[in-house]
Amino acid sequence: MTTFEGTYNDHTQTLKLAIVIGRFNDLVTSKLLAGCQDCLKRHGVDISTDGEQVDYVWVPGSFEIGLVAKRLAASGTYDAVICLGAVIRGDTPHFDYVSAEVSKGVAAAGFQTGVPVIFGILTTDTMQQALERAGIKSNLGWGYGLSALEMVSLLKKLP
Ligand code: INI
């Protein structure tokens, strides 16, 4: 039997990534992006906005992320698509609609294209909780970058 595992340093200087970022709650999403970029840079990816390796796509909010992620993944241009958003619970059911759609949309983009689409969407009760996960205590953006590198590597190895 074989064990398959991705690594974090597999062709990182040639892979091509797209990062989709929700502008809604950009106090949080810009920090997730910074964490993600830090991870990618430390693993050899050129993260510059005018470079060849990473394209950045800003969308109005998390609800729009699935549509854009699907389009990018289906383009055949990218090895992985990383989705970053922050859905914060308010006093209305809006949170439930947005969080349900973005999770379905991101999952569908990956399933329908075979391209790894990373679910970097924070869903929290408060802004404080979101900020804690976007840099105050730890930055989950770092882990989302790492997951993208691991999945690109793993999919190259799978039969
Ligand atoms: N978008 C978010 O990314 N996070 C939220 O918390 C949020 N809330 O709570 O409303 C949110 N709404 C906007 C939504 O994603 C769409 O951009 C908007 O409805 C237009 O389609």
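Residues numbered from 1 in each chain as written. Predicted model: local features only at pLDDT ≥ 70, side-chain atom pairs only at ≥ 80, totals over all residues. Heavy atoms only, no water.

**Quick notes on the overall build of the chain**
Working step 1: Helices and strands together make up the secondary structure of the chain, namely five helices and four strands.
Working step 2: Ordering the α and β elements of the chain from the N terminus gives β-α-β-α-β-α-β-α-α.
Working step 3: For 159 residues, the compact-globule estimate of 2.2 N^0.38 gives 15 Å, and the chain sits close to it at 15 Å.
Working step 4: Its C-alpha atoms put the chain at 50 × 35 × 30 Å along the principal axes.
Working step 5: Across the 159 residues of the chain, 44% fall into the buried class.
Working step 6: For the chain, the computed accessible surface area is about 8,400 Å², with 55% contributed by carbon and sulfur atoms. (Helix = DSSP H or I, 4+ residues; strand = E, 2+ residues; numbered from the N terminus. Rg over C-alpha atoms; globule rule 2.2 N^0.38 Å. Buried < 20%, exposed > 50% of the residue type's maximum accessible area, 1.4 Å probe, protein only. Areas by Shrake-Rupley, 256 points an atom, 1.4 Å probe, with all protein chains shown as cover.)

**Regarding helix α1 (residues 26–42)**
Working step 1: Over its 17 residues, α1 runs 24 Å from end to end, which matches the ideal 24 Å to within 8%, given 1.5 Å per residue.
Working step 2: On its buried face, α1 is in contact with β1 (17–22), β2 (54–59), β3 (80–88), β4 (117–124), α4 (127–133) and α5 (140–157).
Working step 3: Phi turns positive, to about 95°, at Gly44, one or two residues after α1. (Expected span 1.5 Å × (residues − 1). Contact = heavy atoms within 4.5 Å.)

**Quick look at the nonpolar core**
Working step 1: Core analysis: the largest hydrophobic core is formed by 25 residues, its most contacted members being Ile19, Val28, Leu40, Ile82 and Leu84.
Working step 2: Contributions of two or more residues to this core are made by β1, α1, β3, β4, α4 and α5.
Working step 3: Looking at this core element by element, the count peaks at five residues for α1.
Working step 4: Sequence-distant contacts of Leu40, defined by excluding residues within four places in its chain, comprise Leu17, Ile19, Val45, Ile47, Ile82, Gly145 and Leu149.
Working step 5: If you look at the next biggest cluster of nonpolar residues, it comprises 19 residues, including Val59, Ile65, Phe95 and Val115. (Core = buried A, V, L, I, M, F, W, Y, C linked by side-chain atoms within 4.5 Å.)

**Regarding the site of the ligand**
Working step 1: Contacts to the ligand come from Phe24, Asn25, Pro60, Gly61, Ser62, Phe63, Glu64, Ala86, Val87, Ile88, His94 and Val98.
Working step 2: Within the side chain of Asn25, an N or O atom sits 3.3 Å from an oxygen atom of the ligand.
Working step 3: Within the side chain of His94, an N or O atom sits 3.4 Å from an oxygen atom of the ligand.
Working step 4: In isolation the ligand has 460 Å² of accessible area, and contact with the protein removes 76% of it.
Working step 5: If you list the elements that add at least two residues to the shell around the ligand, you get β3 and α3 (94–113).
Working step 6: With three residues, β3 is the largest single contributor of residues to the shell around the ligand.
Working step 7: Taken together, the residues of the shell around the ligand break down into seven nonpolar, four polar and one charged. (Near = heavy atom within 4 Å. Polar contact = N/O pair within 3.5 Å; in protein donor to acceptor, adjacent residues only side chain to side chain. Nonpolar A, V, L, I, M, F, W, Y, C, P; charged D, E, K, R; others polar.)

**Focus on the sheet that holds β4**
Working step 1: Spatially, four strands are ordered β2-β1-β3-β4 in an open sheet, and the strand pairing comes out parallel. The open sheet has two edge strands with one neighbour each: β2 and β4. Mean inter-strand twist for the sheet, computed between neighbouring axes without regard to direction, equals 15°.
Working step 2: Pairing analysis gives five bridges linking β1 to β3, with the strands arranged parallel. Residue pairing across strands places Leu17 opposite Ala80, the latter belonging to β3.
Working step 3: Packed onto the sheet, helix α2 (residues 65–74) meets β1, β2, β3 and β4 and runs at close to 175° relative to β3.
Working step 4: In the packing of α5 onto the sheet, contacts are made with β3 and β4, and the angle to β4 comes to roughly 160°. (Pairing = 2+ DSSP bridges. Axes fitted to C-alpha atoms, helices over the stretch in contact; angles between N-to-C directions.)

**As for the packing of α2 against α3**
Working step 1: The geometry of α2 relative to α3 is characterised by a closest axis approach of 8 Å and an angle of 15° between their N-to-C directions. On the basis of the axis angle, α2 is roughly parallel to α3. As α2 runs across α3, the sense of the crossing is right-handed. Here Ile65, Gly66, Ala69, Lys70, Ala73 and Ala74 of α2 come into contact with α3, specifically with Val102, Gly105, Val106, Ala109, Gln112 and Thr113. (Parallel < 35°, antiparallel > 145°, perpendicular 65-115°, else oblique. Left-handed = near helix turned anticlockwise from the far one by under 90°.)

Honestly, that's just the spatial picture; any functional story needs more than this.
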